[in-house]
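Here is what each chain is made of, one letter per residue.
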Amino acid sequence: MLLLSQITFAAMQPRPTAAAQALRDAPPLPVLRASSLGDPIALAQGLTLYLQAFDNQPGISIPFLDMDYAKVQSWLARILELDPIGQYPLLMAAQVYGQVSDEAKQRKMIEFVESQFHADPNRRWPWLAHAAIMAKHRLHDLPLALRYAKLLREHATDSSVPTWARQMEIFLHEDMGEYESAKVMLGGLLHSGTVTDPHEIHFLMGRLEQLEAAEKSSSTSKKRLP
Amino acid sequence: MSKVLAIAQFTLLEALRTRVLWLVLAMLVLLGLGSLFVQHVAITETGRLQTGFLAASARMGVIFVLCLHVASSMVREFNDKGVDLLLSLDLPRAGYFFGKLLGFAGLALIIAAMTSLALACLAPLSGVALWGMSLACELMLMSALTLFCIITFVQIMPAVSFVFGFYLLARSIAAVKLLSGSQLLNPNAWTTKLTGWLVDGLATILPDLGRFTQTGWLVNGPEAMSVLGFVVLQTCVYGLLLVLAGLYDLYRKNL
């Protein structure tokens, strides 16, 4: 009887509706450190996955264009403060959140990458290299791209940084499309052993295919114009 | 001494018979599967995330399991009058206490070894060895604390609540101390001063468990073995304090 009552009561409840939840500001660093129970790296990793999955909430998907990038930036900065060795937030900034079609948001992400580069240039140089390519091909801002390439040459001086990264200024002056530039950069990263994680290789190859498809469709539409 | 070792042996045997080690193994397998899921959803640094998740969750899990086992084992022994029976024999209370402590310490070592083995395929061996030894010290400290709490409270609920509250506070006390000294607070307010003194007092009497068993030792490359020096020293100092407190309470008890 009681079981039937429970079943009836549950059946009478309205169906849950998906409502997009806006991203909140990242908590202050001291609060996060206290919450980490002495293990900030584990908390940083948990927050990274939380942020990565935020655009896919139960029953609803939030386009990146609708996200508040100031808040995204605050979360990425907090994660890096908790785990300075990890590179995940910078990949998200450069390769995920920086890929929107909003120039202001793209600039925000590559400025974030530049600000974080100075803290650890010999480890964070791949993201500034990518930011330089984005500045040239997405923002059509060659002076900005060259400034990033110059920062790479001056600050990423460890022997583990490949020569092509320190010579990006030459590479940026060449008349290459974004797909060709990204292909050269990915080839360089693979050859130098900077990227070895199979998931990351798969992700970057996927990005390369998207760029190739985008370039082919734009060249096809140009050919169709009278 | 032989009686102390016999009690230790039976304490370990009890852990085997109540399948604590099987429980730990099952928990490590489930957490391992969880870490595989985490590795699957990550788009970079997949190994790092997998190791970090497994290490952090396994550490919390084994502490939880060991403390609960120590508490339930001791409460059962008190309720079944096993303690009274043993003390009616020619065995001093200190002998019983040290026997139990030794048995639980042995169990802590076995659990730490199992957890380290689970991580051995994911992280460099030097990091795993350092992490494992620190986990063993942390487990021994927590089992000594649980033993003391059970002798004091004699009931699972208050003892385990105290142990877990203590653990959470001890792991976060360094960060809580920084929070209490924040420049955003009014330094002249009496509440700020009182909070500061309270937190400083707590930090003085609590062990700094935030420096134990760091995930960074597994994922950030080799760390010098000297970091273990603080861990071992803290374990010895606080362990001795807990032993003396436990013995005091046991001798004071009307059994």
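Residues numbered from 1 in each chain as written. Chains lettered and ligands numbered in written order. Predicted model: local features only at pLDDT ≥ 70, side-chain atom pairs only at ≥ 80, totals over all residues.

Peer 1: Looking at this model, I keep getting lost on the overall build of chain A. Mind explaining?
Peer 2: In terms of helices and strands, chain A carries 12 helices and two strands. When the helices and strands of chain A are placed in sequence order, the string is α-α-α-β-β-α-α-α-α-α-α-α-α-α. Relative to its full complement of 226 residues, chain A shows a buried share of 32%. For chain A, contacts bridging at least 24 residues in sequence account for 63% of all contacts bridging at least 6. (Helix = DSSP H or I, 4+ residues; strand = E, 2+ residues; numbered from the N terminus. Buried ≥ 20, exposed ≤ 12 C-beta atoms within 10 Å, placed from the backbone. Contact = placed C-beta atoms within 7 Å.)

Peer 1: Sorry if this is basic, but what is going on with the overall build of chain B here?
Peer 2: The helix and strand inventory of chain B stands at 10 helices and zero strands. For chain B, whose C-alpha radius of gyration is 20 Å, the value lies close to the compact-globule estimate of 18 Å for 255 residues. Taken along its principal axes, the extent of the C-alpha atoms in chain B is 60 × 55 × 30 Å. Going through the 255 residues of chain B one by one, you find that 40% of them count as buried. Here the analysis covers contacts within chain B between residues at least 6 apart in sequence; of these, 79% occur between residues at least 24 apart. (Rg over C-alpha atoms; globule rule 2.2 N^0.38 Å.)

Peer 1: Can you walk me through the packing of helix α7 (residues 121–137) of chain A against helix α11 (residues 178–191) of chain A in this structure?
Peer 2: Each pair of packed helices gets described by two things: the angle between the helix axes and the distance between those axes. All names here are of chain A. Viewed as axis vectors pointing N to C, α7 and α11 meet at an angle of 170°, and their least axial separation amounts to 10 Å. Judged on the interaxial angle alone, α11 and α7 are roughly antiparallel. Across from Pro126, Ala129, His130, Ile133 and His137 in α7, the residues of α11 making contact are Glu178, Ser181, Ala182, Met185 and Leu189. Taken together, the residues of the contact of α7 with α11 sort by class into six nonpolar, three polar and one charged. (Axes fitted to C-alpha atoms, helices over the stretch in contact; angles between N-to-C directions. Parallel < 35°, antiparallel > 145°, perpendicular 65-115°, else oblique. Nonpolar A, V, L, I, M, F, W, Y, C, P; charged D, E, K, R; others polar.)

Peer 1: Explain the nonpolar core to me, please; I cannot follow it from the model alone.
Peer 2: Note on soluble globular proteins: their nonpolar side chains tend to be buried together. Counting 115 residues, the largest nonpolar core has Val113(A), Leu128(A), Ala131(A), Ala132(A), Leu66(B), Ala108(B) and Leu139(B) as the members making the most contacts within it. When residues of this core are assigned to their parent elements, the largest contribution, 17 residues, is made by helix α6 (residues 125–153) of chain B. If we skip the residues at most four places from it in the chain, Ala131(A) touches Ala94(A), Ile110(A), Val113(A), Glu114(A) and Tyr148(A). (Core = buried A, V, L, I, M, F, W, Y, C linked by C-beta atoms within 7 Å.)

Peer 1: What should I look at first to understand helix α10 (residues 227–252) of chain B in this one?
Peer 2: Given 3.6 residues per helical turn, the α-helix brings residues three or four places apart onto the same face. Residue and element names in this part refer to chain B. Taking 1.5 Å per residue as the helical rise, α10 with its 26 residues ought to reach 38 Å, and the 38 Å between its terminal C-alpha atoms agrees with that figure. Of the positions making up α10, those classed as buried are Val231, Thr235, Tyr238, Leu242, Gly246 and Leu250. Those residues of α10 hidden inside the fold are in contact with α5 (93–120) and α6. (Expected span 1.5 Å × (residues − 1).)

Peer 1: Even after reading the chapter, I still don't get the interface of chain A and chain B, so can you show me in this structure?
Peer 2: In many analyses, interface size is given as the accessible surface area lost on bringing the parts together. On the side of chain B, 26 residues touch chain A, which itself brings 19 residues to the contact. Looking at the side of chain A that touches chain B, the elements that each hand over two or more residues are α2 (29–35), α3 (40–52), α5 (88–96) and α12 (198–224) of chain A. The element best represented in the side of chain A that touches chain B is α3(A), accounting for four residues.

Peer 1: What's the story with α6(B) in this structure? I'm lost.
Peer 2: Helix length check: α6(B), at 29 residues, gives a terminal C-alpha distance of 41 Å against a target of 42 Å (1.5 Å per residue), a fit within 8%. Val154(B) sits one or two positions beyond α6(B) and adopts a positive phi of about 60°.

Peer 1: Looking at this model, I keep getting lost on the environment of Ile156(B). Mind explaining?
Peer 2: Residues and elements named next belong to chain B. Among the structural elements, Ile156 can be located in helix α7 (residues 156–180). The spatial distance from the C-alpha of Ile156 to the C-alpha of Gly132 is 28 Å, given a sequence separation of 24 residues. Beyond its immediate chain neighbours, meaning those up to four positions away, Ile156 contacts Ala71, Ser72 and Val75.

Peer 1: Could you clarify how one ought to interpret the environment of Leu152(A) in this entry?
Peer 2: Residues and elements named next belong to chain A. Among the secondary structure elements, Leu152 is positioned in helix α8 (residues 142–155). On the neighbour-count criterion, Leu152 (24 C-beta atoms within 10 Å) is buried. Beyond its immediate chain neighbours, meaning those up to four positions away, Leu152 contacts Trp125, Leu128, Ala129, Ala165, Arg166 and Met168.

Peer 1: Please clarify how unusual backbone geometry should be interpreted in this entry.
Peer 2: With the exception of glycine, most residues fall at negative phi, and the peptide bonds are largely trans. Residue and element names in this part refer to chain B. A positive phi angle, close to 60°, is found at Val154, a residue other than glycine. Summarising the element assignment, Val154 is placed in the loop between α6 and α7. At Thr213, a residue that is not glycine, the phi angle is positive and equals roughly 45°. Within the secondary structure layout, Thr213 lies in the loop between α8 (190–205) and α9 (216–219).

Peer 1: Explain the confidence of the model for chain B here, please?
Peer 2: The predicted structure's coordinates, where accompanied by low pLDDT, should not be read in detail. Here chain B averages 90 in pLDDT, and 97% of its residues register 70 or above. For this predicted complex, the interface confidence reaches an ipTM of 0.85, while the overall pTM sits at 0.84. (pLDDT = per-residue confidence, 0-100.)

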